[in-house]
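Spelled out, the chains give:
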Amino acid sequence: MEHLYSEISRLLAPLHHCTALTGAGISAESGIATFRSKGGLWETYDPAIYASIEFFRKDPSKYWTIRGDFIRNYDSYQPNAAHYALAELGSMGILQAVITQNIDGLHTKAGSTNVIEIHGSLRHIYCLSCGAKFTAPHVPEGLPPYCACGGVLKPGTVLFGEQLSQDVLLQARQASATCNAMLVIGTSAVVQPAASLPYLAQQNGAKIIEINIEKAFPDADYFLQAKAGIALPRIVEKIKKIRQ
Ligand code: NAD
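A quick note: this is a predicted structure, and the numbers were derived from the prediction, not measured.

Engineer: Talk me through the domain arrangement of the protein; I want residue IDs and the actual numbers.
Structural biologist: As assigned here, the protein comprises domain 1 (1-32 + 79-119 + 163-244) and domain 2 (33-76 + 121-157). Once you take the C-alpha centre of each, domain 1 and domain 2 turn out to be 27 Å apart. Approximately 990 Å² of surface area, both sides summed, lies buried where domain 1 meets domain 2, with 60% of it carried by carbon and sulfur atoms. The three residues of domain 1 that bury the most area against domain 2 are Ile32, Ile103 and Lys109, which together make up 50% of that side's buried surface. Taken together, domain 1 and domain 2 are joined by zero salt bridges. Between domain 1 and domain 2 we count two residue pairs in polar contact (both at pLDDT 80 or more) in total. The residue inventory of the side of domain 1 that touches domain 2, partitioned by class, reads six nonpolar, five polar and three charged.

Below, the structure written as structure tokens:
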């Protein structure tokens, strides 16, 4: 394992166009449940009911059951060592973009600058009737909460059955196609189009480095089986020594 850390750090140290693709696993150490790993939300809640736009329109209370607490406590969730390490790779000029499937805002809180939130964010909430905007954690009480106009509130996240923003997807594709290494961190790599981005990077010559507690991306060039909050700070420390 030590050898692998050294090899990855030597690969990254001279680079200036790396991209990270992150999933729920990078925020697990911040106390936020993932979807699919052991103990994840989908063990208890059926995504077809709790996270689809079709069902949201029929009964938004289900969605607010699993996300309401998060939104109302939005400011209490803090980045962990992995988010900070990616921000540091950014300030070292190695990482140019963080493409995230996460909706928790923790990359930005940690100081990463070019964060591409392909599934949107729980921070921004709007009324489905009049379009009034709210910002987490400031949403009215209620399950679901309603706007003063009587319309139901929905966060600006992409639910199953909804289209991703084409602009945001274009940015993610560009950051993938132009990088020379991609860090694929804490994602089960099954949700499209995110799952295809490492292939786009690879087709354009990038090396793929996967960091996960279980292998999820079969075609990675390097696989570090570790918690993101352990692995990423170690890589940053090693890169600093190489660059001294
Ligand atoms: P997922 O739940 O499908 O998979 C999580 C992955 O993280 C698994 O491969 C697991 O092995 C890995 N993992 C768990 N703990 C880890 C750790 N400490 N270090 C490294 N890896 C770890 O997540 P996904 O692939 O991101 O699924 C996509 C969907 O999940 C997205 O739509 C995203 O919006 C949503 N989601 C986001 C959050 C969040 O914003 N924090 C939380 C739950 C789900």
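Engineer: Explain the site of the ligand to me, and be specific about the residues and the numbers.
Structural biologist: The environment of the ligand is formed by 28 residues, the closest being Phe35, Arg36, Gln101, Ser188 and Asn212. Within the side chain of histidine 119, a nitrogen or oxygen atom sits 2.8 Å from an oxygen atom of the ligand. Taking glycine 186, its main chain carries an N or O atom lying 3.1 Å from an oxygen atom of the ligand. About the coverage of the ligand: the protein hides 95% of its 850 Å² of free accessible area. Partitioned by chemical class, the residues of the shell around the ligand number 11 nonpolar, 12 polar and five charged. Counting only domains with at least three residues in the shell around the ligand, you end up with domain 1 (1-32 + 79-119 + 163-244) and domain 2 (33-76 + 121-157).

Engineer: Tell me about the environment of arginine 36, and name the residues and values.
Structural biologist: Turning to its location among the elements, arginine 36 is positioned in the loop between strand S1 (18-22) and helix H2 (47-50). Classification of arginine 36 as partly exposed rests on a relative accessible area of 39%. Remark: the alpha-carbon pair of arginine 36 and glycine 25, spanning 11 residues in sequence, is separated by 9.5 Å.

Engineer: Could you give me a rundown of helix H7 (residues 166-177), with the residues and numbers involved?
Structural biologist: Over its 12 residues, H7 runs 16 Å from end to end, which matches the ideal 16 Å to within 8%, given 1.5 Å per residue. Of the positions making up H7, those classed as buried are Leu169, Ala172, Ala175 and Ser176. Here the buried residues of H7 occupy an arc of 125 degrees about the axis, which is enough to place them on one side. Seen from the open side of H7, the exposed residues pointing more than 90 degrees away from its buried face are Gln166, Asp167 and Leu170. Looking at the buried positions of H7, the neighbouring elements they touch are S1, strand S2 (95-100), strand S3 (115-117), strand S7 (181-185) and helix H8 (197-203). The N-terminus of H7 is capped by serine 165, whose side-chain oxygen sits 3.4 Å from the backbone nitrogen of aspartate 167.

Engineer: For the pairing of strand S4 (residues 120-127), give the residues involved together with the corresponding values.
Structural biologist: Looking at chain direction, S4 and strand S6 (residues 153-157) are connected through five bridges and run antiparallel. Each residue of the ladder has a partner; that of serine 121, found in S6, is glycine 156. Sheet topology note: the S4/strand S5 (residues 133-135) ladder contains three bridges and is antiparallel. Across the sheet, histidine 124 pairs through a bridge with threonine 135, a residue of S5.

Engineer: Break down the nonpolar core for me, citing the residues and quoting the values.
Structural biologist: Most often, soluble globular proteins keep nonpolar side chains buried together rather than apart. In this structure, Leu12, Leu86, Leu89, Leu183, Ile185 and Leu232 are the most contacted members of the largest nonpolar core, which totals 30 residues. Those elements that provide at least two residues to this core are helix H1 (2-12), S1, helix H5 (81-91), S2, S7, strand S8 (207-212), strand S9 (222-225) and helix H9 (228-243). Dropping the residues within four chain positions of it, leucine 86 is found in contact with Ala20, Thr22, Ile26, Leu95, Val98, His107, Ser112, Leu183, Ile185 and Leu232.

Engineer: A description of the packing of aromatic side chains should follow, citing residues and the corresponding values.
Structural biologist: The way to describe two aromatic rings as a pair is by their centre distance and the angle between their planes. Across all of its chains, the model carries five aromatic pairs by this definition. On the basis of an interplanar angle of 70 degrees and a centroid distance of 5.7 Å, the ring pair of phenylalanine 56 and tyrosine 63 is categorised as edge-to-face. Members of the aromatic cluster, each reached through a chain of ring pairs, are Phe56, Tyr63 and Trp64. Taking the ring centre of tyrosine 74 as reference, the NZ or CZ of lysine 109 above it sits at 5.0 Å. Geometry around tyrosine 5 places arginine 234 over its ring, the cationic atom sitting 4.1 Å from the centre.

Engineer: Residues and numbers for the state of the cysteines, please.
Structural biologist: One way to say it: the disulfide is the covalent bond shared by the sulfur atoms of two cysteines. Counted according to the given criterion, the structure contains zero disulfides. Distance from the sulfur of cysteine 179, which forms no disulfide, to the nearest cysteine sulfur (cysteine 18) is 7.1 Å.

Cut-offs applied
Residues numbered from 1 in each chain as written. Predicted model: local features only at pLDDT ≥ 70, side-chain atom pairs only at ≥ 80, totals over all residues. Heavy atoms only, no water. Domains from an automatic or database assignment. Buried area = accessible area lost by both parts, 1.4 Å probe. Salt bridge = Lys/Arg side-chain N within 4 Å of Asp/Glu carboxyl O. Polar contact = N/O pair within 3.5 Å; in protein donor to acceptor, adjacent residues only side chain to side chain. Nonpolar A, V, L, I, M, F, W, Y, C, P; charged D, E, K, R; others polar. Near = heavy atom within 4 Å. Areas by Shrake-Rupley, 256 points an atom, 1.4 Å probe, with all protein chains shown as cover. Helix = DSSP H or I, 4+ residues; strand = E, 2+ residues; numbered from the N terminus. Buried < 20%, exposed > 50% of the residue type's maximum accessible area, 1.4 Å probe, protein only. Expected span 1.5 Å × (residues − 1). Arc of directions from axis to C-beta. Contact = heavy atoms within 4.5 Å. Pairing = 2+ DSSP bridges. Core = buried A, V, L, I, M, F, W, Y, C linked by side-chain atoms within 4.5 Å. Phe/Tyr/Trp six-rings, centres within 6.5 Å; stacked < 30°, edge-to-face > 60°. Lys NZ or Arg CZ within 6 Å of the ring centre and 35° of its normal. Disulfide = S-S within 2.5 Å.

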